[in-house]
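Per-entry structural report
Each chain is listed here by its residues.
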Amino acid sequence: MVLSAVLVSVLAAVEHRVQLSEGSLVALSTRGPSAFRVRLVGGDDDAPIASVMVEPDGEDANFTEVSSAVGVGIRATFGEVLVSAAGEVVLLDSAGAELARSSVVQAGVTELQLTSSQEQVLYGGGAGPDDATVLRTEGNVTPLVVNRATYVPHYYSTAGYSALGVVSADATFITRDGAMYPASFASSGSGVTWNFTVPFELYLMPAASLEEGTRAYYDLIGRPRVPPKWSFGFIASRWGWDNRTYIEDTLHHFRDGEFPADAFIVDFLWYANGSDYAFHAEGEMWFNDFDWHNTTFPAPREQMQKYRDMGFRYAGIRKPRLGNSELLADASSKGWILPQGEPGGDPFGSSGFYGVGRELDFSQAALRDWYADHQAHYLADGVSFWWNDEGETDYFTFHWWNVAQADTLRLTLPSDRFYALNRAFSPGMARLGVGFWTGDINPTWGDLAQQPGMMLKWGLAGSPYVGCDIGGFTGETNAALLARWYQQGVFLPIMRVHSVNVATPHWPWLWGAEAGEVMKAALELRYRLLPYHYSLAHRMYNTGQLWMRSMAQAFSTSAATSDLTSQWMDGDILVAPVLTEDSQMEVVLPEGQWYPFPGGGPAVHGPTKLSGLANASDIPAFVAAGSVVPLGPVVQHTGALPGGPLEVLVFPGADGSFELIDDDGETTAYEQGTTRCVQFTWTDASATLSWTASGTPGPHHFQQVFITGPSGARSGVVDIASSGELRLAAEFVV
């Protein structure tokens, strides 16, 4: 069927085009360091799709043209992609083994099947409440964004490859179920069937494991930038901050009670003088879109500075629409309003949408510039970040909305890191350095149990910084549930409480002495983990390895843990928090020696399963022999770091290492290599921790260190010079 092949340059991208007998073309190229791009081309002048899901910067891998008995195509260091004589796309790994073969490619095709020689399991398609507790991706996946769910046109197949499907952004559409992206796929046995609009591009990444496939995927869509250091602490949020007095009383209660926290978020009444949910398309003249509410923030600059001096950063909620009549008329006259609304209800009828006629089209550069100009004063006033809600008006609204907000930052504080929290995501947003939460969840034990799986599955789908409304948003929670949720939150990428305005706020001191102490202990552990978590975030940026990993990634040969979402790996810490009302714990330990974390104690030998009744204060967690875990002292906010010497926990039975990475915590200087790195190495035979350091230490970096073993033995405290070592004299029994 193949007639000819030719190497051409299209929009600066070199492609190998294979012409099929019925006149259509398949264009083959590389994208990034480890992906093939397969384009189904309708004509000679068809250009590649400029998708925001794909990292626009960086070099593409070199390739050579090849011709073999399998077909003609291209070869790179990571594999080959060929077109057979019959017109099938064939993917090979670097050793020449076939990973997948497509159905015959024809002009105008809107379905493509990829078949492998073995039964396969898929991961990485996203998640919602219905499938959050099963790690694998099953059945039909229709990419969409909606409150409480995000699905993406991506998967990793255990046949040995990752895939990302791309169509034109103009093809997206919206229904009551959410904002849709028309490149769906369905799995069955050894096959995956893609259905799509045209034009269509398929990115294929040979990868022998889920871990390798996820790294290749992030190399394609962009590695996650490191958020500001304060975002790794605790964020206090609620709907219902009524006035300045309540705000300041609450912040003082955090500090006076020594409940660590770094930021707070206020809902509608920080900028608007009311809710806009019942507005018609023309809006209201009295509504403020870019102002301060004089009840909550009568003196915004003075207040922002006061709260910053207390160690608090501030964010206000943002909606992707306008409410003021004059601004709406101006935006509408310029064509900046989307025709659709937000799925989730209609105050005027049965359309299933709200905000119709008021939603902004952030894909337009002129609108983004206008929006940045109107928002810039907030950053000058002292706002640190944004909380972006109800942006499921298009599959890419959140992406372009964040770009507009990042542009706002560039106007005022060009060297600062951009940060925002968003209710949904599309692939590629991680490279903006932003975070996400899992939507308006309920205060139930079932919702608590769903959150680890949401975090893990969203991470595999392209969103590694995920948190949730700790305690549940939609109604009243209870002390036991909230305490367990705080414990889970210690080991989520983002730890943030939130509640509806008619519910008791999720502040620890409001839920009784016993539950309050459990929540306080959880906050203190979160802050002790700051140097550990921040280093893992840098490692994720540098290498593409996820900070929070599923057991299937970390232990790919363990069938007992391959589909678990109730436990996961926080770096080297295996976390299995209590998720049930009866306080039953259940932990599956893979092969090896495992120590309880952080308190230490005798090693448990795996593989084994641990179960039983957990105390209210227990957060089941373990580390393997050879683990090296740095902990800081308890501080009340990240601005108080270092707060004392660094404690490095070492767990004997094997050699190990950990790279402590730090920076100024605020600016983008780390992207140019301005970091402080301390490489710790544990030598088990001599019970010695040695280190080498590079980079200039700053005022908030650790200057001293000591080590502690699982039996409680500890060394003295010494300075962290350019190199050094410490030894534990005590003997360990493992």
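Details of the structure are given in the entry above.
Report follows, based on the coordinates. (Residues numbered from 1 in each chain as written. Predicted model: local features only at pLDDT ≥ 70, side-chain atom pairs only at ≥ 80, totals over all residues. Heavy atoms only, no water.)

**A few points about the overall build of the protein chain**
A tally of helices and strands in the protein chain yields eleven helices and 46 strands. Here the C-alpha radius of gyration of the protein chain, 26 Å, is about what a compact globule of 734 residues would show, namely 27 Å. Dimensions of the protein chain along its principal axes, counting C-alpha atoms only, are 75 × 75 × 50 Å. Across the 734 residues in the protein chain, those meeting the buried criterion constitute 61%. (Helix = DSSP H or I, 4+ residues; strand = E, 2+ residues; numbered from the N terminus. Rg over C-alpha atoms; globule rule 2.2 N^0.38 Å. Buried < 20%, exposed > 50% of the residue type's maximum accessible area, 1.4 Å probe, protein only.)

**Considerations on the packing of helix 2 (residues 244-256) against helix 3 (residues 300-309)**
A pair of packed helices is captured by two measures, namely the crossing angle of their axes and the spacing between those axes. Relative orientation of the contacting elements helix 2 and helix 3 amounts to 10°, with a least axis distance of 12 Å. The angle between the axes of helix 2 and helix 3 places the two elements in the roughly parallel class. Residue-level inspection shows Arg244, Ile247, Glu248 and Leu251 of helix 2 in contact with helix 3, the latter providing Glu302, Gln303, Lys306 and Tyr307. Each residue belonging to the contact of helix 2 with helix 3 can be placed in one class, and the counts come to three nonpolar, one polar and four charged. (Axes fitted to C-alpha atoms, helices over the stretch in contact; angles between N-to-C directions. Parallel < 35°, antiparallel > 145°, perpendicular 65-115°, else oblique. Contact = heavy atoms within 4.5 Å. Nonpolar A, V, L, I, M, F, W, Y, C, P; charged D, E, K, R; others polar.)

**Details of helix 6 (residues 397-412)**
Here helix 6 is 16 residues long and its end C-alpha atoms lie 23 Å apart, about the 22 Å a rise of 1.5 Å per residue gives. Within helix 6, burial applies to Thr397, Phe398, His399, Trp401, Asn402, Val403, Ala404, Gln405, Ala406, Thr408 and Leu409. For helix 6, the secondary structure elements touched by its buried residues are strand 25 (313-318), helix 5 (365-381), strand 28 (385-388) and strand 29 (420-422). (Expected span 1.5 Å × (residues − 1).)

**Digging into the sheet that holds strand 7 (residues 79-83)**
With respect to topology, nine strands assemble into an open sheet ordered 5-6-7-8-9-10-21-20-13, the strand pairing being antiparallel. Each of the sheet's edge strands pairs with one partner strand only, and the pair in question is strand 5 (64-67) and strand 13 (140-141). Both strand 9 (residues 98-104) and strand 10 (residues 111-115) contribute to a ladder of two bridges, which runs antiparallel. Residue pairing across strands places serine 102 opposite leucine 114, the latter belonging to strand 10. (Pairing = 2+ DSSP bridges.)

**Things to note about the environment of threonine 688**
Mapped onto the secondary structure, threonine 688 falls in strand 43 (residues 688-694). Measuring from C-alpha to C-alpha, the distance between threonine 688 and methionine 495 comes to 34 Å, with 193 residues separating the pair along the chain. Sequence-distant contacts of threonine 688, that is, excluding residues within four places in its chain, are made with Thr681, Trp682, Thr683, Glu725, Leu726 and Arg727. A distance of 3.0 Å separates a polar atom in the side chain of threonine 688 from the backbone oxygen of serine 686. (Polar contact = N/O pair within 3.5 Å; in protein donor to acceptor, adjacent residues only side chain to side chain.)

**Here's the deal with the packing of aromatic side chains**
For any pair of aromatic rings, the description rests on two quantities: the centre-to-centre distance and the angle between the ring planes. Enumeration according to the criterion identifies 61 aromatic pairs in this entry. Summarising the aromatic geometry, the rings of phenylalanine 362 and tryptophan 401 are spaced 5.8 Å apart at their centres and angled 20° between planes, so their arrangement reads as stacked. One end of the pair, phenylalanine 362, is in the loop between strand 27 (353-354) and helix 5; the other, tryptophan 401, is in helix 6, and 39 residues separate them in sequence. Per residue, the accessibility class of phenylalanine 362 equals that of tryptophan 401, and both read buried. Stacked on the ring of tryptophan 437, the Lys or Arg arginine 496 has its end atom at 5.3 Å from the ring centre. When the ring centre of phenylalanine 259 is taken as origin, the NZ or CZ atom of lysine 520, which lies over that ring, is 5.5 Å away. (Phe/Tyr/Trp six-rings, centres within 6.5 Å; stacked < 30°, edge-to-face > 60°. Lys NZ or Arg CZ within 6 Å of the ring centre and 35° of its normal.)

**Side note on the pattern of salt bridges**
The final tally for this structure, using the stated rule, is 33 salt bridges. Residue arginine 423 pairs with glutamate 392 through a salt bridge whose shortest N-O separation is 2.9 Å. Of this pair, arginine 423 sits in the loop between strand 29 and strand 30 (435-437) while glutamate 392 sits in the loop between strand 28 and helix 6, and the two are 31 residues apart along the sequence. For arginine 423, a relative accessible area of 3% corresponds to the buried category. Overall, the relative accessible area of 0% leaves glutamate 392 in the buried class. A network of salt bridges, in which partner residues are shared, links Asp276, Lys319, Arg321, Glu342, Arg358, Asp389, Glu390, Glu392, Arg423 and Asp440. (Salt bridge = Lys/Arg side-chain N within 4 Å of Asp/Glu carboxyl O.)

**Structural notes on the side chain of serine 184**
Note that serine 184 resides in strand 20 (residues 183-188). For serine 184, a relative accessible area of 15% puts it in the buried group. The contacts of serine 184, once residues within four sequence positions are left out, are Asn140, Val141, Thr142, Pro143, Thr193, Trp194 and Asn195.

**Topic: the sheet that holds strand 40 (residues 646-650)**
Across the sheet, four strands lie side by side as 39-40-44-45; this open sheet has mixed pairing. Where the open sheet ends on each side, the last strands, each with one partner, are strand 39 (628-631) and strand 45 (718-719). Where strand 39 meets strand 40, four bridges bridge the pair, whose relative direction is antiparallel. Paired with valine 628 across the bridge in strand 40 is valine 650.

**Re the side chain of glutamate 211**
Take glutamate 211: it is sitting in helix 1 (residues 210-221). On the basis of relative accessibility, which here comes to 14%, the residue glutamate 211 falls in the buried class. When near neighbours in sequence (up to four residues on either side) are disregarded, glutamate 211 contacts Gln545, Arg549 and Gln553.

**Here we look at the nonpolar core**
Counting 218 residues, the largest nonpolar core has Tyr161 and Trp194 as the members making the most contacts within it. For this core, the leading source of residues is helix 7 (residues 445-461), giving eight residues. Of all hydrophobic cores here, the second largest spans nine residues; its members include Ala576, Val587, Trp594 and Phe622. (Core = buried A, V, L, I, M, F, W, Y, C linked by side-chain atoms within 4.5 Å.)

**Some words on the pairing of strand 5**
Bridge analysis of strand 5 against strand 6 (residues 72-76) gives four bridges, and the strand direction is antiparallel. For serine 67, the partnering residue across the bridge sits in strand 6 and is valine 72. Where strand 5 folds back onto strand 6 in an antiparallel hairpin, the turn is made up of four residues.

**Regarding the packing of helix 5 against helix 6**
As a packed pair, helix 5 and helix 6 sit with axes 8 Å apart at the nearest point and diverge in direction by 55°. With respect to helix 6, the axis of helix 5 lies oblique. Crossing geometry of helix 5 relative to helix 6 is assigned as right-handed. Listed contacts from helix 6 to Arg368, Tyr371, Ala372, Asp373, Gln375, Ala376 and Leu379 of helix 5 are Trp400, Trp401, Val403, Ala404, Gln405, Asp407, Thr408, Leu409, Leu411 and Thr412. Tallied by class, residues from the contact of helix 5 with helix 6 come to ten nonpolar, four polar and three charged. (Left-handed = near helix turned anticlockwise from the far one by under 90°.)

**A short note on unusual backbone geometry**
The omega torsion across phenylalanine 597 and proline 598 is 0°, close enough to zero to call that bond cis. Its location among the elements puts proline 598 in the loop between strand 36 (584-596) and strand 37 (604-613). With omega at 5°, the peptide bond leading from leucine 641 into proline 642 counts as cis. A positive phi is found at glutamate 258, a non-glycine position, where the angle reads about 55°. Within the element layout of this structure, glutamate 258 appears in the loop between helix 2 and strand 24 (263-266). Given a relative accessible area of 46%, glutamate 258 falls into the partly exposed group.

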